[in-house]
Structure formats: structure tokens, C-alpha cells
Amino acid sequence: MDENLYKLNLDYLIVAQSLILSESEPKAMFCLGLTTEAVSLLRKMPLEQLKSLARSDCLTFVPRFNAHQWSKFLNVEKSEVPDVIDARAIELLMLLSAPPPGS
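Let me sum up the structure you'll find in this document. A quick note: this is a predicted structure, and the numbers were derived from the prediction, not measured.

Some words on the side chain of N9
Item 1. When you line up the elements, N9 lands in helix 1 (residues 3-21).
Item 2. Of the residues examined, N9 reaches a relative accessible area of 0% and is grouped as buried.
Item 3. Each residue touching N9, except ones within four places of it in the same chain, is listed here: A54, S56, C58, L59, T60 and F61.

The structure is reproduced here in C-alpha cells:
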């Protein structure tokens, strides 16, 4: 098992569960792409079960981005000032948190 993948999965699951348990279900669904079914399951899962799920050999979540969004962000001119780069990073994060078209 890849330790980095385990940590990534576990961090995601813990953040998701924390948002759910803090009565921020809509935020968890919007920011993390959780379904209502996932919310109800994560609400009940003990930490040991989260750790077991995180040990899978694949991501426990689906990143919400596409190649066009990343390429737009990565094609920043080296001469651009930090404020412009920060604005592009914020724009990318907003794009990544949006639901895919047609959903």
C-alpha cells in the first residue's frame, strides 16, 4: 500500500466527516463532491472504518477537474506578478469546486 495515497484518502475522509458532523452537509457536498448517500454513510462511520477505507489501493474520491482547467492555470507567464498568479489560483479553485456541466 502506498503511504501517500493512504494519507490523502484518510485526510479527505476525515475532512468530509468533520464537515458533515459540524452540520455543514451542503458545504461538504459542494466542496467535496459528496452525494447524499455518501453523506449518510460517512456520518455513521467510526474512525477505524475510515482508516480501512483509506487503505484501498485507489483514491476514495474523484477529483473534480479537467485537463483544460489545469492547462489554463499551468500556462501562467513567468513574468506575471504574484497578484495575477494568486487570482488565477483562486479562479482555478472556483472552477474545480463547480459541478461538471450537465449534472
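Past the structure itself, the notes keep going.
Brief notes about the packing of aromatic side chains
Item 1. Tallied over the entire structure, the rule returns one aromatic pair.
Item 2. Between Y12 and F61, the aromatic rings sit 4.2 Å apart at their centres with planes inclined by 25°, giving stacked as the arrangement. With Y12 in helix 1 and F61 in the loop between helix 4 (47-54) and helix 5 (67-74), this pair connects stretches of sequence that are 49 residues apart. Each member of the pair, Y12 as well as F61, carries the same accessibility label: buried.

Comments concerning the packing of helix 1 against helix 4
Item 1. Helix 4 packs onto helix 1 with a crossing angle of 140° between their chain directions and a minimal axis gap of 8 Å. Between helix 1 and helix 4, the angle falls in the class oblique. The hand of the helix 1/helix 4 crossing is right-handed. Across the interface between the two elements, Y6, N9, L10, L13, I14 and Q17 from helix 1 touch L47, L50, K51, L53 and A54 from helix 4.

As for the side chain of Q17
Item 1. Inspection of the secondary structure puts Q17 in helix 1.
Item 2. Residue class for Q17 comes out buried when judged on its relative accessible area of 12%.
Item 3. Once residues within four sequence positions are removed from consideration, Q17 is found in contact with L42, R43, M45 and L50.

Re the pattern of salt bridges
Item 1. Within this structure, the stated rule accounts for two salt bridges.
Item 2. Where E25 meets R43, a salt bridge forms, and the shortest distance between an N and an O atom there is 2.3 Å. Here R43 lies in helix 3 (residues 36-44) and E25 lies in helix 2 (residues 25-32), a separation of 18 residues in the sequence.
Item 3. Assessed through its relative accessible area of 35%, R43 is described here as partly exposed.

Each value, and the rule that gives it
Residues numbered from 1 in each chain as written. Predicted model: local features only at pLDDT ≥ 70, side-chain atom pairs only at ≥ 80, totals over all residues. Heavy atoms only, no water. Helix = DSSP H or I, 4+ residues; strand = E, 2+ residues; numbered from the N terminus. Buried < 20%, exposed > 50% of the residue type's maximum accessible area, 1.4 Å probe, protein only. Contact = heavy atoms within 4.5 Å. Phe/Tyr/Trp six-rings, centres within 6.5 Å; stacked < 30°, edge-to-face > 60°. Axes fitted to C-alpha atoms, helices over the stretch in contact; angles between N-to-C directions. Parallel < 35°, antiparallel > 145°, perpendicular 65-115°, else oblique. Left-handed = near helix turned anticlockwise from the far one by under 90°. Salt bridge = Lys/Arg side-chain N within 4 Å of Asp/Glu carboxyl O.

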